[in-house]
Amino acid sequence: MGNQLFIYNTLSRKKEAFKPLVEGRVGLYVCGPTVYSDSHLGHARPYITFDLLYRYLTFQGNKVRYVRNITDVGHLEDEVEGAGEDRITKKARIEQLEPMEVVQKYMNSFHRNMENLNILPPSIEPRASGHILEQQEMVQQILDNGFAYETNGSVYFDVEKYNQKHKYGILSGRNLDDIKTNTRELDGQSEKKNSFDFALWKKASPEHIMRWPSKWSDGFPGWHLECSVMSTKYLGEHFDIHGGGMDLTFPHHECEIAQNTACSGSGAVRYWMHNNMITINGQKMARSLGNFITLKELFTGKHELLYQAYSPMTIRFFILQAHYRSTIDFSNEALQASEKGLERLMAAMKTLGELKASDSSTVEVAPIMEKCFAAINDDLNSPIAIAHLFDGVKMINSIKAGSEKISPADLDELKEFYQTFVFDILGLKDEEMPVTGNNQTLDGAMELLISLRKDAKANKDWATADKIRDELNAIGIELKDTKDGVEWSLK
RNA sequence: GGUUCCUUGGCCGAGUGGUUAGGCAGCGGUCUGCAAAACCGUGUACGGCGGUUCGAAUCCGCCAGGAACCUCCA
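Residues numbered from 1 in each chain as written. Chains lettered and ligands numbered in written order. Predicted model: local features only at pLDDT ≥ 70, side-chain atom pairs only at ≥ 80, totals over all residues. Heavy atoms only, no water.

1. Overview of helix α13 (residues 366-377)
Part 1 of the argument: Look at α13: 16 Å from first C-alpha to last across 12 residues, which is about the 16 Å you get at 1.5 Å a residue.
Part 2 of the argument: Here α13 has its buried residues at Ile368, Met369, Cys372, Phe373, Ala375, Ile376 and Asn377.
Part 3 of the argument: Residues of α13 that are buried make contact with β1 (6-9), α1 (41-59), α14 (382-401) and α15 (408-425).
Part 4 of the argument: In the segment just after α13, Asp379 is the residue with positive phi, at about 55 degrees. (Helix = DSSP H or I, 4+ residues; strand = E, 2+ residues; numbered from the N terminus. Expected span 1.5 Å × (residues − 1). Buried < 20%, exposed > 50% of the residue type's maximum accessible area, 1.4 Å probe, protein only. Contact = heavy atoms within 4.5 Å.)

Shown next, in the form of structure tokens:
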């Protein structure tokens, strides 16, 4: 019980004890990005959330196969704007690039962002364009099973027929009758029996560059197919966890379930997990709404809404300070608070490493460790875990100040715990700029200035001492007089 | 219009019936030649109105405001 992970399953709308299909092995699939522009803050959330899950499951001793796809085929654009072109094709035309060049460019940028955020790479990162044959096979299988029909070279999923045998809408809590009365009429639906049917294979219009031959037409796979296909291929017909943003619940994940069920007779996924959105002024941050800030802009501070740059770890910590199923609101104030909080935590980590043990403890280390693990076990409640880590920070500082004592055994345990929990599980890292090492000339000059200032201070020549400090500050070097001597850093 | 969800102190954000969330800011203090930093301590809350209960931020109802999904979307 103590080490039992509970996760909230969208399918049951309850927290459930997580038991992998095969003891000690976990199959995890997460919807990856469509690579047609730079990732924004909102995109960081699922990848950080599921990175935490991946790290924790691994820490628990599971062998985890983590599959996260790259969508490089391009989903259909809004008909009004894109006139049937997919997003990648459209972007290619604007930038005068080959579609695959666009894909490569933004995939590289995505990978850089992920590395910056200390997000571990998945075990397999399959690309939709590399699984066209498998997708065609699944289309055929669904056709053979009688849950799809072909019209003008396109193949559509027959939702009504599916619903007669299985239930459509189990994940999002919808029923077909409601959908029938509430689905808007969109262009290009004349080919479909019903507006809520969705494409499995789409015939390409003449201007559509990304296309593949098939027995139905030269075209491209449907919106939702790749995840069904690639999860099945790498994780099997049944696997443990599928994650993604809440906005994908319907229709994307609902359709995935329908496709898998239409193929094999049952859904593939045992636990569906959905992270909530990042908002800005209370509204969802989204590419389509134009209210997004890219990760690159956050890291460099180059965006009109940003007061300053925020480091990748500040972003990671900011996201971990909210529970993944709650919305989290972007603001400079919130990010600055996270930055300060993270600095405090990291400073305590350093202090912990330098702590001296006494012969006995006046503090208890076990409760903190237990509470942190209990929090993560409770549906990845990272904000609670972090709150308990801060209780530990207070304890660490008190030991340093001498008002509390810690035994050698407790100290070892505490060190080991913080190392594991903060770095390995939460995936934070110390990103403090190295003060020395990159420029020996500068180091030497600084040593000289600090030593001159020390002499001035010894002579109570405050004018000279302050001049050195203030003028260094003016050119971007900060001096701090600490108990352990003078520290300097580039601002 | 349909479905689902949210409303916590100056800000962010936990918390599902009784016990301090936590971070940031503020305030007080320690340290310091001064400053900064650091550390310690500390107040303010549960959208409104009813109801259930010995007791509700937490359960129920109504009202107000907001959001997500229903269309690509993390």
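2. Brief notes about the domain arrangement of chain A
Part 1 of the argument: Along its sequence, chain A is carved into domain 1 (8-275), domain 2 (279-425) and domain 3 (440-490).
Part 2 of the argument: Once you take the C-alpha centre of each, domain 1 and domain 2 turn out to be 33 Å apart.
Part 3 of the argument: Each partner contributes residues to the interface: domain 1 has 32 residues there, and domain 2 has 36 residues.
Part 4 of the argument: One can count 16 residue pairs in polar contact (both at pLDDT 80 or more) joining domain 1 with domain 2.
Part 5 of the argument: Listing elements by their share of the side of domain 1 that touches domain 2, those giving two or more residues are α1, α4 (99-116) and β10 (269-275).
Part 6 of the argument: Broken down by element, the residue count for the side of domain 1 that touches domain 2 peaks at 13 residues, all from α1. (Domains from an automatic or database assignment. Polar contact = N/O pair within 3.5 Å; in protein donor to acceptor, adjacent residues only side chain to side chain.)

3. With respect to the nonpolar core
Part 1 of the argument: Membership of the largest hydrophobic core comes to 132 residues, with the highest contact counts inside it found for Phe157, Ile241, Leu298, Tyr418, Phe421 and Leu428.
Part 2 of the argument: The greatest single-element share of this core, amounting to 10 residues, is contributed by α1.
Part 3 of the argument: Both domain 1 (8-275) and domain 2 (279-425) contribute no fewer than three residues apiece to this core.
Part 4 of the argument: When sequence neighbours within four positions are dropped, the list of residues in contact with Leu428 reads Asn118, Met313, Arg316, Phe317, Leu320, Leu342, Leu345, Met346, Val422 and Phe423.
Part 5 of the argument: Met446, Leu472, Leu479 and Trp488 belong to the second-largest nonpolar core, a separate cluster that totals 7 residues. (Core = buried A, V, L, I, M, F, W, Y, C linked by side-chain atoms within 4.5 Å.)

4. Some words on the pairing of strand β5 (residues 148-151)
Part 1 of the argument: As judged from the 4 bridges shared by β5 and strand β6 (residues 154-157), these two strands associate in the antiparallel manner. Of the residues in β6, the one forming a bridge with Glu150 is Val155.
Part 2 of the argument: Once β5 ends, the chain turns through 2 residues before running back antiparallel as β6, passing Asn152 with a positive phi of about 50 degrees. (Pairing = 2+ DSSP bridges.)

5. Looking at the packing of helix α5 (residues 132-144) against helix α8 (residues 225-235)
How two helices pack is summed up by the angle between their axes together with the distance between the axes.
Part 1 of the argument: Closest axis-to-axis distance for the α5/α8 pair is 9 Å, and the angle between their directions is 105 degrees. On the basis of their axis angle, the class for α5 and α8 is roughly perpendicular. Where α5 abuts α8, its residues Glu134, Gln135, Met138 and Val139 lie against Leu225, Glu226, Ser228, Val229, Thr232 and Lys233.
Part 2 of the argument: Residues of the contact of α5 with α8, tallied by class, amount to 4 nonpolar, 3 polar and 3 charged. (Axes fitted to C-alpha atoms, helices over the stretch in contact; angles between N-to-C directions. Parallel < 35°, antiparallel > 145°, perpendicular 65-115°, else oblique. Nonpolar A, V, L, I, M, F, W, Y, C, P; charged D, E, K, R; others polar.)

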